[in-house]
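Survey of secondary and tertiary structure
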Amino acid sequence: MIELIDVHKSFGEQHVLRGMSFTLEQGQTLVVLGRSGTGKSVTLKHVVGLLQPDSGQVIVNGVDVASADAEGLREIRRQVAYLFQTGALVNWLSVRDNVALPLVERRDMPSEEIRERVDESLGSLDMLQHADKMPANISGGMRKRAALARVLVQEPDAILYDEPTAGLDPIMGRTVGRLIQEVQSSGERAAIVVTHDMDLAFQVGTEIALHYEGQLVERAPPEVFEQSSHPVIREFLRTRERPGKASP
Amino acid sequence: MGSLTETLERQGHALRETIDHAGFAVGIFVRAVRRLPADAFHRRRFILDQLYVCGISPLPVVAIVGLFTGMILALQVGIELADLGQAESISNMIGVILFREMGPFMTAMILTASVGSAMAAEIGTMAVSEEIDALECLSIDPVSFLVMPRVVALCIMTPLLSFVGCVLGCIGGGIVAKTQLSVQPSIYVRNLLTSLESSPQQFGPLPEEIFTGLVKSVVFGLLVSTISCAAGLKAEGGAIGVGRAVRTAVVRCFLMLIIIGYYISWAFFR
Amino acid sequence: MNARRQDIVLGVFFFAALIGLGIVTIVESDFAFGVERHDLVAYSDDVGYLRPGDPVLLFGMSAGKVASITRLDEPRLIIHPSTQPTVAGREVRCTVRLDLRLDVDPYEYLKADHRILIEDRGLLGGKLVRIETGVDDARLSRDAPLVALAAESAIQGLGGLIEENRQPLNEILNNVADVTAHVNRGEGPLGRLVRDDELADRLSETIDSVRDVTSGLAKGEGTLGRLLKDGQLYDDARVFMSDLRSAMERVKRGEGSLGRLLQEDGLYQRVDTILADAQGVMADVAAGKGSLGKLLHESGLYDDLHATVGDVLALVQDARDGKGTVGRLLVDESLFVEARDFFATAGRVGERIESIATDMQEGKGLLAALLSDEKLANDLRNILDQVLGAVEDARETAPVRSVGSLLFGTF
């Protein structure tokens, strides 16, 4: 479904992706671990066409993202949804309007149907009672849920989660993890979860990989990944054993 | 030698950035205009919101500045004219100066400071917090969603505000003319109307002075909205980036208002 | 093309357009979209401070600008084509070439008797070129050299007028000086009138009273007023004239006493005798004989006037008080104040004129010197020319001063 082939990307002198290659099939949830600033989010942005690779190919459902025209890109973005770290809700729209936004912008859906789907999506995440609030008046966890509702209302084939638990307390983080599990439970959607939250990684991932020096390394199911001898992975795993003593 | 190379490199980089940003601004303006027929009705709610933000909110400031500008003009020019025994011609001067040049320019300056900077800050904040990327991921064109309503709103509201400012400026000038220069209000109003009616050219029902002032205002509205939105969309680097975007927007707006204002004056009054 | 490269290309295009427009506005100041320019070359012997950029009028409408003015190395001798008697066939020695740029092709309109005049734009200075196309049937050849003539400015014209009429002006001023000197010395009735304050006061009172009377008349009060205001008077007058005409007809026909008087010789001779007697009486009067003769030859005119004015005053005073028939005629007042002010002003003006004239006779002051000193007159003419130049400079700096005042004053 999603395939990256030898993707290279640089920002000035900084060579972020150095031959990044991986494939992701439907039903898989790939968790990408890595230290801050290594280019995890950059990888995700290549998938939805927000960034263009300097070289290599990004293919989504058989379409090369870099060479897709506007309509092709729109179709790719309809199939692959992106959950941003901050939620990225539009500040001057209510939660309900934010969730309805992608459907309203399609301009081919009756308003009744939009309303039904929005209520369904918000209800599935227990956000219906906050539907008419403005993003600035709800908590960070609720914003994440509202953003997830906006993603789900599009009924995508794949979801890209960018640091879904960043800035949340562990309890809320676990709740978000549970939500992702629920979303992925149908087995029909593919997902990439970028995080450095080890608990979340082991909670939701069908496979875990390390983003290291511009490439994905040590990709494996959680139980195998746990046995890896890669020094960075060992460091990450130690944070899971002794939370609060992670190296920066 | 090394420092010279570095300096040149820095200047070259700055020039390239300036050209890049100018091209980006031209690009989003063209895109906004192209999206207008298809999206204007669909985005009517946003356009109405922006009409309020751009037109009603700055109205008190425009009114006060317009009133006092007219009073200052009357005082400064009136003293010179009174020396020549021509104090009664003050309204001719005030009408022409305000409607042709000062009104549109003054209004555009106020809108740059109050509305343009807010646009740059708002869109800049969206840019640095990935909201623009989020919109693109939702297949929403940020130019159509964010820029077009603002351009339309400022194009409509700038001439209206400018006209209000000019009228209040004329009233302010009339107050000073009566109290300081002993010019009768009836004579002041008659001279003002005569000076506007006796324009060498008429554009439909409008005298040349008012028409060119309105044309200028529309162009100034386009400039302020486009430059401010472009600066916001180009923002990067968190809060500092937003601050830089606001400063860039205001400075570039001022520069372009002066330069384009000159070209419009040249086109009409040469 | 990626987005960044596209932005840079657009940016380059934007700045190129901006700079291009700037160049167009500054260098090509007469650039205009869709207007075809036509050049016209004219020669002149005196461009009278004309400058590039000054407007060119065709049919009295702005049709272009002076593109450039060049001094020729070798003067050109051109026969001026004008049909005007004073200029026709005159050979003009032209040392300056004028390049005019017009919105229309002037040769479409120029006739053989055309004129190209360099004129003042206004009293504050500035020049323009006025093209008079002429009325001749023959159209001007495109090869014919054109001559531009400097027209005389209004101030130069005034100076010339003064120069031409210096002698008569001098005489007039001398006469005025004599008259005012006499008046100032109290000579003659006018001088005594001006000098005698008491008389002036009484005259003033008289005028006051007369004003009261006339205002009453204006309101139609009293018999006289009613006569003036009443439309019946006109009708009565018409009837009277009609009657008079018919009476005269009868006189012509010799009817009635008067008719017979005119028609019969006996009567005529008797009238002739009476007239001869009257002539003798008048001769006695002229010789100062008898009461009437004495009255007319009394030398104390001034004393009589004095007394008469006193009497008139008393009379009018009575009238104002409502005494007698005239007194019943009046009511209103307003004219006198104006008249009194006028006389007071006239008195002061008279004094000033007298003082000026005295000074002029003594050769004091600029005007006197101007009239008597040839060198000074020439100097003044030079100064006039310089003033013209200064006004021209002031006209140029006025916009700068105004804008400066506006900008620095306002902000």
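Basis of the calculations
- Per chain, residues are indexed from 1 in the order of the written sequence.
- Here the convention is simple: chains get letters from A, ligands get numbers from 1, in the order in which they are written.
- In keeping with the predicted nature of the model, local features appear solely for residues at pLDDT of at least 70, side-chain atom pairs appear and are counted solely at 80 or more, and the whole-chain, interface and lining totals rest on all residues.
- Each side-chain value is worked out from all heavy atoms of the structure, with water and hydrogens disregarded.
- Secondary structure follows DSSP: runs of H or I at least 4 residues long count as helices, runs of E at least 2 residues long count as strands, and numbering of each begins at the N terminus.
- Only protein chains enter the accessibility calculation, which uses a 1.4 Å probe; a residue is then buried when its area is under 20% of its type maximum, exposed when over 50%, and partly exposed in between.
- For this analysis, residues touch if any pair of their heavy atoms sits within 4.5 Å.
- Methods summary: accessible areas were calculated by the Shrake-Rupley approach with a probe of 1.4 Å, and residue burial reflects only the protein chains presented.
- Using a 1.4 Å probe, buried area is obtained as the accessible area two parts lose upon being combined, added over both of them.
- Between Lys or Arg on one side and Asp or Glu on the other, a salt bridge is scored when a side-chain nitrogen of the former is within 4 Å of a carboxyl oxygen of the latter.
- Whenever a nitrogen or oxygen atom comes within 3.5 Å of another N or O atom, the pair is scored as a polar contact, on the condition that within protein one atom can donate a hydrogen and the other can accept it, and that pairs from neighbouring residues in sequence are kept only if both atoms are in side chains.
- Here the nonpolar group is Ala, Val, Leu, Ile, Met, Phe, Trp, Tyr, Cys and Pro; Asp, Glu, Lys and Arg are the charged ones; every other residue, Gly included, is treated as polar.
- Pairing between strands is defined by DSSP: at least two bridges between them are needed.
- Aromatic contacts are taken between Phe, Tyr and Trp rings whose centres are within 6.5 Å, Trp giving its six-membered ring; a plane angle under 30 degrees counts as stacked, one over 60 as edge-to-face, and the others as tilted.
- The rule is short: NZ of Lys or CZ of Arg within 6 Å of the ring centre and within 35 degrees of the ring normal puts a charge over the ring.
- Among buried residues, the Ala, Val, Leu, Ile, Met, Phe, Trp, Tyr and Cys ones that are joined through side-chain atoms within 4.5 Å form a nonpolar core.
- pLDDT measures how confident the predictor is about each residue, on a scale from 0 to 100.
- Patch membership needs two things, relative accessible area over 30% and no salt bridge, and members are linked within 9 Å if like-charged or within 5 Å if nonpolar (Val, Leu, Ile, Met, Phe, Trp, Tyr).
- Charge counting follows a simple rule: Lys and Arg are positive, Asp and Glu are negative, and His as well as the terminal groups are ignored.
- A charged residue contributes its charge at one atom only: NZ of Lys, CZ of Arg, CG of Asp or CD of Glu.
- Here an axis means a line fitted to C-alpha atoms, over the contact stretch when the element is a helix, while the angle between two N-to-C directions is reported on a 0 to 180 degree scale.
- Take the residue count of a helix, subtract one, and multiply by 1.5 Å to get its expected span.
- Here the arc refers to the directions that run from the helix axis out to each C-beta atom.
- When the strands point away from the viewer and the path from the first strand over the helix to the second turns clockwise, the crossover is right-handed.
- To count as a disulfide, a pair of cysteine sulfur atoms needs to be within 2.5 Å.

**Observations concerning the overall build of chain C**
Looking only at helices and strands, chain C has 15 helices and seven strands in total. Expressed as a percentage of its 411 residues, the buried residues of chain C come to 27%. For chain C, long-range pairs separated by at least 24 residues make up 66% of all intrachain contacts whose partners lie at least 6 apart in sequence. Carbon and sulfur atoms make up 59% of the accessible area of chain C, which amounts to about 27,000 Å² in all.

**Some remarks on the interface of chain B and chain A**
Counting residues at the interface gives 23 residues for chain B and 24 residues for chain A. When the two sides are added together, the surface that chain B and chain A hide from each other amounts to roughly 2,000 Å², 57% of it contributed by carbon and sulfur. Three residues, Glu130, Cys137 and Leu138 of chain B, lead the burial of chain B against chain A; their summed loss comes to 29% of the area buried on that side. Viewed at the interface, chain A and chain B are joined by six salt bridges. Of the charged contacts in the structure, one is a salt bridge between Glu130 of chain B and Lys45 of chain A, with a shortest N-O distance of 3.2 Å. The tally of links between chain B and chain A comes to six residue pairs in polar contact (both at pLDDT 80 or more). Elements with a contribution of two residues or more to the side of chain B that touches chain A: α1 (2-39), α2 (44-56), α4 (90-128), α5 (131-137) and α6 (142-179) of chain B. Among the elements that take part in the side of chain B that touches chain A, α5 of chain B stands out by supplying six residues, more than any other. Among the residues forming the side of chain B that touches chain A, the class breakdown is 10 nonpolar, three polar and 10 charged.

**Things to note about the pattern of salt bridges**
Inspection of every chain in the model, using the stated rule, returns 30 salt bridges over all chains. With its nearest N and O atoms 2.8 Å apart, the salt bridge here joins Glu207 of chain A to Arg219 of chain A. Pair noted here: Glu207 of chain A is in strand β9 (residues 207-212) and Arg219 of chain A is in strand β10 (residues 215-220), with a separation of 12 residues, a long-range link. The partner of Arg97 of chain C in a salt bridge is Asp99 of chain C, and the shortest N-O contact between them spans 3.0 Å. Taking the relative accessible area as the measure of exposure, Arg97 of chain C reaches 29% and is therefore partly exposed. Relative accessible area serves as the criterion here: at 15%, Asp99 of chain C is assigned to the buried category. Connected via shared salt-bridge partners are Lys45 of chain A together with Glu130 and Asp133 of chain B.

**Observations regarding the sheet that holds strand β5 (residues 63-64) of chain A**
Residues and elements named next belong to chain A. In space, the four strands of this open sheet follow the order β2-β1-β4-β5, with antiparallel pairing throughout. The sheet terminates laterally at β2 (14-24) and β5, the two strands that pair on one side only. Of the pairings in the sheet, the one linking strand β1 (residues 2-11) to β2 comprises eight bridges and is antiparallel in character. Bridge assignment links Glu3 to a residue of β2, and that residue is Thr23.

**Quick notes on the packing of aromatic side chains**
Evaluated as defined, the whole model comprises nine aromatic pairs over all chains. Centre to centre, the rings of Trp92 of chain A and Phe145 of chain B are 6.0 Å apart; their planes meet at 20°, and the pair counts as stacked. Remark: Phe145 of chain B occurs in helix α6 and Trp92 of chain A occurs in the loop between β6 (80-83) and α3 (95-104); the pair is interchain, linking two chains. Taken together, a centroid distance of 5.4 Å and an interplanar angle of 75° make the contact between Phe14 of chain C and Phe15 of chain C edge-to-face. Of the residues examined, Phe15 of chain C reaches a relative accessible area of 27% and is grouped as partly exposed. The ring of Phe41 of chain B has Arg44 of chain B sitting right over it, with the charged end atom 4.1 Å from the ring centre.

**Some words on the nonpolar core**
The biggest cluster of nonpolar side chains holds 52 residues, and the ones touching the most others in it are Leu101 of chain A together with Ile28, Leu135, Phe145 and Val147 of chain B. Those elements that provide at least two residues to this core are α1, α2, α4, α5, α6, α8 (208-233) and α9 (238-269) of chain B. With 12 residues, the single largest contributor to this core is α6 of chain B. Excluding anything up to four places from it in sequence, Val147 of chain B contacts Ile28, Ala32, Pro142, Cys229 and Leu233 of chain B.

**Observations regarding the confidence of the model for chain C**
Low pLDDT means the predicted atomic positions in that stretch should not be read closely. Of all residues in chain C, 54% attain a pLDDT of 70 or more, and the chain-wide mean is 71. Of the regions scoring below 50 in pLDDT, residues 325-336 of chain C engages in 40 contacts with residues more than four places distant in sequence or in other chains.

**Topic: a nonpolar patch on the surface**
All names here are of chain C. A surface patch of nonpolar side chains, about 510 Å² in accessible area, is lined by Leu158, Leu161, Ile162, Leu169, Ile172 and Val176. Elements that contribute at least two residues to the nonpolar patch include exactly α2 (154-164) and α3 (166-184). Along the chain, the position of Ile162 falls in helix α2. The exposure class assigned to Ile162 is partly exposed, which follows from its relative accessible area of 45%.

**Let's talk about a negative patch on the surface**
All names here are of chain A. A cluster of like negative charges, contributed by Asp108, Glu112, Glu113, Glu116 and Glu120, occupies part of the molecular surface. Take Glu113: it is sitting in helix α4 (residues 111-124). We classify Glu113 as partly exposed; its relative accessible area is 34%.

**Looking at the sheet that holds strand β6 (residues 127-132) of chain C**
Residues and elements named next belong to chain C. On the basis of which strands lie adjacent, the closed barrel formed by seven strands has the order β1-β4-β3-β2-β6-β5-β7 and mixed pairing. Taken over all neighbouring pairs, the strand axes of this sheet differ in orientation by 40° on average, direction set aside. Pairing analysis gives 11 bridges linking strand β3 (residues 61-79) to strand β4 (residues 91-102), with the strands arranged antiparallel. Residue pairing for β4: Gly64 is matched across the bridge by Leu102.

**Overview of helix α6 (residues 170-184) of chain A**
All names here are of chain A. An ideal rise of 1.5 Å per residue puts 21 Å on 15 residues; α6 measures up with 21 Å between its terminal C-alpha atoms. Those residues of α6 not exposed but buried are Gly173, Val176, Gly177, Leu179, Ile180, Val183 and Gln184. Viewed along the axis of α6, the buried residues span an arc of 160°, placing them on a single side of the element. The inward-facing, buried residues of α6 abut β3 (29-33), α5 (140-152), β7 (158-162), β8 (190-194) and α7 (198-204). Where α6 begins, the capping side chain belongs to Asp169, and its oxygen is found 3.0 Å from the backbone nitrogen of Ile171.

**Thoughts on the confidence of the model for chain A**
Residues and elements named next belong to chain A. The share of residues in chain A with pLDDT of 70 or more is 96%, and the mean pLDDT across the chain is 87. Per-residue pLDDT, averaged within each element of chain A, yields its smallest value for helix α9 (residues 231-241) (78) and its largest for α3 (93). Note on residues 244-248: pLDDT under 50 across the span, and three contacts to partners over four residues away in sequence or across chains.

**Examining unusual backbone geometry**
Residue and element names in this part refer to chain A. Even without glycine at this site, Asp6 takes up a positive phi of about 50°. Tracing the chain through its elements places Asp6 in strand β1. If you check the backbone angles, Glu155 has positive phi at about 50° while not being a glycine. Along the chain, the position of Glu155 falls in the loop between α5 and β7.

**Thoughts on the pairing of β8 of chain A**
All names here are of chain A. Within β8, five of the five residues are buried, leaving the element largely enclosed by the surrounding structure. Of the two faces of β8, both are covered, the one formed by Ala190, Ile192 and Val194 as well as the one formed by Ala191 and Val193. Sheet topology places β3 next to β8; four bridges connect them, and they run parallel. Note on β8: the bridge partner recorded for Leu30 is Ile192. Across five bridges, the pairing between β7 and β8 is parallel. Looking at the pairing, Ile159 lines up with Ala191 of β8. In the classification by handedness, the crossover that spans β7, the intervening α6 and the parallel β8 is right-handed.

**Some remarks on the side chain of Asp20 of chain B**
Structurally, the position occupied by Asp20 of chain B is in helix α1. Residue classification places Asp20 of chain B among the buried positions, given a relative accessible area of 1%. Ignoring sequence-local partners within four residues, the contact set of Asp20 of chain B consists of Lys234 of chain B together with Arg4, Asp7 and Ile8 of chain C.

**Overview of the side chain of Glu163 of chain A**
Following the sequence through the fold, Glu163 of chain A ends up in the loop between β7 and α6. Once you skip the residues sitting within four places of it in the chain, Glu163 of chain A turns out to touch Lys40, Gln85, Lys144, Val194, Thr195 and His196 of chain A.

**What about the state of the cysteines?**
All names here are of chain B. Taken as a whole and judged by the stated rule, the model has zero disulfides over all chains. Cysteine Cys170 is unpaired, with the sulfur of Cys166 as its nearest cysteine sulfur at 6.7 Å. Given the relative accessible area of 6%, Cys170 is considered buried. With no disulfide of its own, Cys253 has Cys229 as its nearest cysteine by sulfur position, at a separation of 9.6 Å. Taking the relative accessible area as the measure of exposure, Cys253 reaches 1% and is therefore buried.

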